Amino acid sequence: MPSRAASPEGVPSQGWLESDPEVARLLDEELERQSTTLQLIASENFASPAVLAAAGSVLTNKYSEGYPGRRYYGGNRVIDEVEDLARARAMALFGAEHANVQPHAGASANLAVYAALLEPGDTVLAMRLDQGGHLTHGSPASITGRLWRFVAYGVTPPTSSSASPGEVIDFDQVDALARAERPKLIVAGSTAYSRQIDPKPFREIADSVGAKFLFDAAHPAGLIAGSVHPNPVGIADVVTFTTHKTLRGPRGAAILCGRELAKDIDRAVFPGLQGGPLEHAIAAKAVAFREAAQPAFADYAARVVENARAFANALAEEGFRLVSGGTDNHMVLIDLRPFDAELTGKAAQEALDRAGITCNRNTIPDDPRSPFVTSGLRLGTPAETTAGMGPEQMRTIAALIGRTLRRREDEATLRAVRGEVRELCAAFPPYGRPGARAHLARGTG
Ligand code: DSN
């Protein structure tokens, strides 16, 4: 029988797995890993027990191709209510006229927008992958880069001025490329960019060349919902976002747009790209949208950014170079080379993993190393802020990272750091102490 010792109250599905001890054991082990190591991947979070309950519900049994009121199979009375609730909550949260909550992931949400707004071969202007953009912003490794003609903008070069350190979106370049290439669509949004993205200059440039404007809010969605970052809804023609990053919901995505594009977007998602929607995930999205509408969530979003700033300052003191000189969102991108010219992102990630610090290697702008090796690390605060950590813990973690990477060949150092990480995590358990009521009744009031 699997051990239930690690299962806190409020993580309901795990107790039902007695029939499959192998999977039950793996879930217990993953809960243990998440609870005893530091989760610093900028795109991850700890979903609430209510989100987990909806995601693990009987809604997974139902087929519901189509949309509320227009389904291809019978038996969708309840499902229609679930999806309508999720759509209404998403629209209310972001102030949008229309929401499609069916995309399984951010990648399929972006693909659906391209399919709705473009013909194959059309030109799109988006951020280059190695400057902070996402695979679905036209990387040659993604189907998006094969179906459409992407032209890429990047960030300005770094400077030696601390007041204006550079490595921010180069709007002169966006403007010049838009005029030269006449794209049909301009995409804003990134996966490794630590600054706030203002949608207005993109809108102005898009208007000046008659392009549509997509804002990919996969990363900052929770910061937007918490009113810490500007809301692109009503400025961009379409906004895509994932529900599991700063928004702290289940794995998945959604698309927001005005009424005039609603039919095209819906048709592109289903039947264009997807079959049956994942209604259990949609119910969990509805729960997350409600949680994100509570005043406590705005407080959470503000703390995510405050923690990222404290973390960035402390990492700079350890000798790492902050790409763009700092952060105003939930992530810090560091250049490892000034700390240690020999240290790659890959080696750093692996050493930190052994010390119980989970993060990901990342290219930095104009990185001389490959995306598999990299010269940078991306570190994020959404998950550990959910667990209750604050600036003091961020400074402790930065010191642990510096110590680990300075003495990465020394097993005794890695073991000592691992012990300190375990103690720190024990003081901030993401799902409460085993047997105790999960302290994450957050945002349910
Ligand atoms: N994998 C996501 C991230 O970590 O940013 C993007 O798809």
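These numbers come from a predicted model, not from an experiment.

K.L.:
Is there a simple way to think about the side chain of Ser139 in this case?
P.N.:
Looking at the element boundaries, Ser139 is found in the loop between strand 5 (123-127) and helix 5 (143-147). Not counting the four nearest positions on each side in its chain, Ser139 is found in contact with Leu129, Thr144 and Gly145.

K.L.:
Would you mind showing me how to read the packing of aromatic side chains here?
P.N.:
The geometry of an aromatic ring pair comes down to the distance between the two centres and the angle between the two planes. This structure, assessed with the given rule, holds 14 aromatic pairs. Summarising the aromatic geometry, the rings of Phe171 and Phe202 are spaced 4.9 Å apart at their centres and angled 70° between planes, so their arrangement reads as edge-to-face. A residue pair is termed long-range when its members are at least 10 positions apart, and Phe171 in helix 6 (residues 171-181) and Phe202 in helix 7 (residues 199-209) qualify at 31 residues. A residue is classified by how much of its surface remains accessible, and Phe171, at 26% relative accessible area, is partly exposed. On the basis of an interplanar angle of 15° and a centroid distance of 4.2 Å, the ring pair of Phe320 and Phe339 is categorised as stacked. Placement of the pair is Phe320 in the loop between helix 11 (295-317) and strand 11 (321-322) and Phe339 in the loop between strand 12 (331-335) and helix 12 (345-354), with a sequence separation of 19 residues. Accessibility classification places Phe320 together with Phe339 in one group, the buried group.

K.L.:
Can you walk me through the pattern of salt bridges in this structure?
P.N.:
Oppositely charged side chains can pair when the atoms bearing their charge come close. Applying the stated criterion to the full structure yields 27 salt bridges. A salt bridge links Glu81 to Arg77; the nearest nitrogen and oxygen atoms lie 3.8 Å apart. One end of the pair is Glu81 and the other is Arg77, both in helix 3 (residues 77-94) and four residues apart, which spans about a single turn. For the salt bridge of Arg407 with Asp410, the shortest nitrogen-to-oxygen distance reads 3.3 Å. Residue Arg407 is classed as partly exposed on the basis of its relative accessible area of 47%. Given the relative accessible area of 24%, Asp410 is considered partly exposed. Members of the salt-bridge network, linked through shared partners, are Arg71, Asp80, Glu83 and Glu279.

K.L.:
When you look at the nonpolar core in this model, what are you seeing that I'm missing?
P.N.:
Soluble globular proteins tend to pack their nonpolar side chains together in the buried interior. In terms of nonpolar packing, the biggest core is built from 57 residues, with Phe94, Tyr153, Phe202, Phe215, Phe241, Leu247 and Leu256 touching the most fellow members. Looking at this core element by element, the count peaks at seven residues for helix 10 (residues 279-292). Setting aside its immediate chain neighbours within four residues, Phe94 contacts Ala221, Ile224, Ala225, Asn231, Val233, Phe241, Leu247 and Leu256. Phe311, Ala355, Cys359 and Val421 belong to the second largest nonpolar core, which has 40 residues in total.

K.L.:
Would you take a moment to explain the packing of helix 1 (residues 21-36) against helix 15 (residues 411-427) for this structure?
P.N.:
The description of two packed helices rests on the angle between their axes and on the distance between the axes. Two numbers describe how helix 1 lies on helix 15: the axes approach to 8 Å, and their chain directions differ by 95°. As the angle between them shows, helix 1 and helix 15 are arranged roughly perpendicular. In this structure, helix 1 contributes Glu32, Ser35 and Thr36 to the contact, and helix 15 contributes Arg418, Val421, Arg422 and Cys425. Taken together, the residues that form the contact of helix 1 with helix 15 break down as two nonpolar, two polar and three charged.

K.L.:
Please explain the sheet that holds strand 9 (residues 238-242) as it appears in this structure.
P.N.:
The strands making up a sheet associate through backbone hydrogen bonding, with each pair oriented either parallel or antiparallel. The mixed open sheet is built from seven strands, whose spatial order is 4-10-9-8-7-5-6. Strands with a single pairing partner mark the edges of an open sheet, and in this sheet they are strand 4 (98-100) and strand 6 (149-153). Neighbouring strand axes in the sheet, compared pairwise and without regard to direction, differ in orientation by 20° on average. Bridge analysis of strand 5 against strand 6 gives five bridges, and the strand direction is parallel. Paired with Val124 across the two strands is Phe150, which belongs to strand 6.

Here is what the cut-offs are and how they apply
Throughout this document, residue positions are counted from 1 along each chain, in the order its sequence is written. Note on the predicted model: pLDDT of at least 70 is required for a residue's local features to be given, and 80 or more for side-chain atom pairs to be given and counted; whole-chain, interface and lining totals, by contrast, use all residues. Excluding hydrogens and water, the side-chain figures rest on all heavy atoms present in the structure. Helix and strand definitions follow DSSP, with helices as H or I runs of at least four residues and strands as E runs of at least two, each counted in order from the N terminus. A contact between two residues is defined here by any heavy atoms of the two lying within 4.5 Å. Any pair of Phe, Tyr and Trp rings, taking the six-membered ring for Trp, is counted once the centres come within 6.5 Å. Such a pair is stacked with planes under 30 degrees apart, edge-to-face with planes over 60 apart, and tilted for the rest. Only protein chains enter the accessibility calculation, which uses a 1.4 Å probe; a residue is then buried when its area is under 20% of its type maximum, exposed when over 50%, and partly exposed in between. Every case where a carboxyl oxygen of Asp or Glu lies within 4 Å of a side-chain nitrogen of Lys or Arg is listed as a salt bridge. Residues enter a nonpolar core if they are buried and are Ala, Val, Leu, Ile, Met, Phe, Trp, Tyr or Cys, with the set joined through side-chain atoms within 4.5 Å. Orientation is described by lines fitted to C-alpha atoms, with helices fitted over the stretch in contact, and by angles between N-to-C directions that extend from 0 to 180 degrees. For classification purposes, angles smaller than 35 degrees are called roughly parallel, those larger than 145 roughly antiparallel, those between 65 and 115 roughly perpendicular, and all remaining angles oblique. Residues are sorted three ways: Asp, Glu, Lys and Arg are charged, Ala, Val, Leu, Ile, Met, Phe, Trp, Tyr, Cys and Pro are nonpolar, and all the rest, Gly among them, are polar. What makes two strands pair is DSSP finding at least two bridges between them.

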